[in-house]
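# Architecture and fold: a report
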Amino acid sequence: MQSPKMFIFCRNFDFPNDDFMILQQSVSLKSYNTFGIDATCRYFVELKQRDDVEKWVAMQQQSHDPFFILGGGSNVVFQQCIEKTVVKVSLRGIEAVKEDEGNVWIKAAAGEIWSDFVDYCVENRWGGMENLSNIPGTVGAAPVQNVGAYGVEAKDVIETVECIEIATGQWKRLTNAECQFGYRDSIFKQAFKNQYIIAAVTFRLTKNPKLQLSYGGISSRLEREGIEQPTIADVSRVVHSLRVNKLPDPAIIGSAGSFFKNPIISHDKYAVLLQHYRDLVAFPFEESFKIAAGWLIEQCGWKGRQLGRVGVYPQQALVLYNLGDCTGEEVKQLANAIQQSVKEKFDIDLEPEAIFIE
Ligand SMILES: Cc1cc2nc3c(=O)[nH]c(=O)nc-3n(C[C@H](O)[C@H](O)[C@H](O)COP(=O)(O)OP(=O)(O)OC[C@H]3O[C@@H](n4cnc5c(N)ncnc54)[C@H](O)[C@@H]3O)c2cc1C
């Protein structure tokens, strides 16, 4: 028997088709990336419904033109002229699909704004995503790099990912295991890279949340506020406030958030580094150690510095930011310079988390 609540529709997927998919030429991407880079693309198309997705996929199978799938543009660095069709995924809709005693399964379309969706779940007391509050971007991109913050990753709550294979037009529903999630990684960055459009993600959320408070100062902030039995709303509020103090607001300062991944090094290498740097910031990770990339960058003297019109954020060395009208090339130059410094000083390769689009 299905619970009647199963049919609660938060925002229906089937709203009227008043905007047809339009292919535009030579479009500025400035308002489509949080770095605020004023690049242009050859063609731009926005997919607002499943129909649009299927139509564009059919067109693509004929043209074989180069393309890039875009969500909210918060993890990308555009180079100046992109000789590709930029395909913006703007499908909307949130729906409760299933419910039992302890859980609720919520399906969200790829174009939903991630942070609004998380807030919506928190308001409804559906637990599991509260630590992922206030991350920019869209729902559809969350499985791609398995977004994570404050000890929680999207993989902890994703049940299935619905996507279409561009080459065949076939729809698939991947299970969590099939997505092959890893640290800022998934099958969509590996074997399925640039081959699928994600249309919707279903999340399994809990009505009896187990809070994750041990990362990034959440518990100490709650203690200071005198909150002994925090709710998911408390955790979400604290995460919002911690992030505001640490990260630039993309509406004011252009950035792609954390620019590099935290590198993972062996036990032996960690032991050697620790001998030289007693204040090394590192966390055990599986059989290895994850080193704070921000700490490495700071040790190389980059915090607060700038190169051209790009800076290293003074409050958090892991963030590169736009000092005003910077180009993708300038971002690349600063990123390269930082990678080189870290390699020379620590013999560690920093891998960008942000994606360069040429
Ligand atoms: C201030 C700031 C803070 C941030 N903090 C965090 C953080 O705490 N944790 C974290 O993990 N990330 C963080 N990020 C990075 C970013 O928010 C995430 O990577 C986010 O998931 C990107 O979403 P997007 O919609 O903007 O994706 P985009 O930047 O548009 O695209 C990212 C990748 O996903 C692919 N993609 C997007 N949508 C689809 C789709 N529908 N189908 C198939 N592929 C798709 C793109 O092709 C691209 O490869 C931060 C960024 C900023 C600017």
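Up top is the structure these notes are about.
Since this is a predicted model, take the numbers as computed values, not measurements.

The number of helices and strands found in the protein is eight helices and 21 strands. Expected size for 358 residues packed as a compact globule is a radius of gyration near 21 Å; at 21 Å, the protein falls within 12% of this value. Across the protein, contacts joining residues at least 24 apart in sequence account for 63% of those joining residues at least 6 apart. Across the protein, 37 positive and 45 negative side-chain charges occur, with their mean positions spaced 2 Å apart.

Once that is clear, we can look at the site of the ligand. Around the ligand sit 33 residues, and of these Ile69, Gly72, Ser74, Thr138 and Gln145 come closest. Side-chain polar atom of Ser74 to an oxygen atom of the ligand: 2.6 Å apart, as the coordinates give it. Ile198 places a polar main-chain atom, nitrogen or oxygen, 2.9 Å from a nitrogen atom of the ligand. With the chains in place, 94% of the 980 Å² that the ligand exposes on its own is no longer accessible.

Direction of pairing for strand β16 (residues 282-285) relative to strand β17 (residues 288-291): antiparallel, over a ladder of four bridges. By the bridge assignment for β17, Phe283 is matched with Lys290. The hairpin formed by β16 and β17 contains two residues between the paired strands, and Glu286 there has a positive phi angle of roughly 50 degrees.

Grouped together as the largest cluster of nonpolar side chains are 48 residues, with contacts concentrated most on Phe78, Ile297 and Ile338. It is helix α8 (residues 328-346) that provides the largest number of residues to this core, a total of seven residues. Apart from residues no more than four positions distant in its own chain, Ile338 is found in contact with Phe260, Ile297, Trp302, Val312, Leu320 and Leu350.

Okay, the state of the cysteines next. According to the stated counting rule, one finds zero disulfides in the structure shown. No disulfide involves Cys81; its nearest neighbouring cysteine sulfur is the one of Cys41, lying 10 Å away. Counting only cysteine sulfurs, Cys81 is the nearest neighbor of Cys326, a cysteine outside any disulfide, at a range of 15 Å. Taking the relative accessible area as the measure of exposure, Cys326 reaches 3% and is therefore buried.

What counts and how
Residues numbered from 1 in each chain as written. Predicted model: local features only at pLDDT ≥ 70, side-chain atom pairs only at ≥ 80, totals over all residues. Heavy atoms only, no water. Helix = DSSP H or I, 4+ residues; strand = E, 2+ residues; numbered from the N terminus. Rg over C-alpha atoms; globule rule 2.2 N^0.38 Å. Contact = heavy atoms within 4.5 Å. Lys, Arg positive; Asp, Glu negative; His and termini not counted. Charge placed at Lys NZ, Arg CZ, Asp CG, Glu CD. Near = heavy atom within 4 Å. Polar contact = N/O pair within 3.5 Å; in protein donor to acceptor, adjacent residues only side chain to side chain. Areas by Shrake-Rupley, 256 points an atom, 1.4 Å probe, with all protein chains shown as cover. Pairing = 2+ DSSP bridges. Core = buried A, V, L, I, M, F, W, Y, C linked by side-chain atoms within 4.5 Å. Buried < 20%, exposed > 50% of the residue type's maximum accessible area, 1.4 Å probe, protein only. Disulfide = S-S within 2.5 Å.

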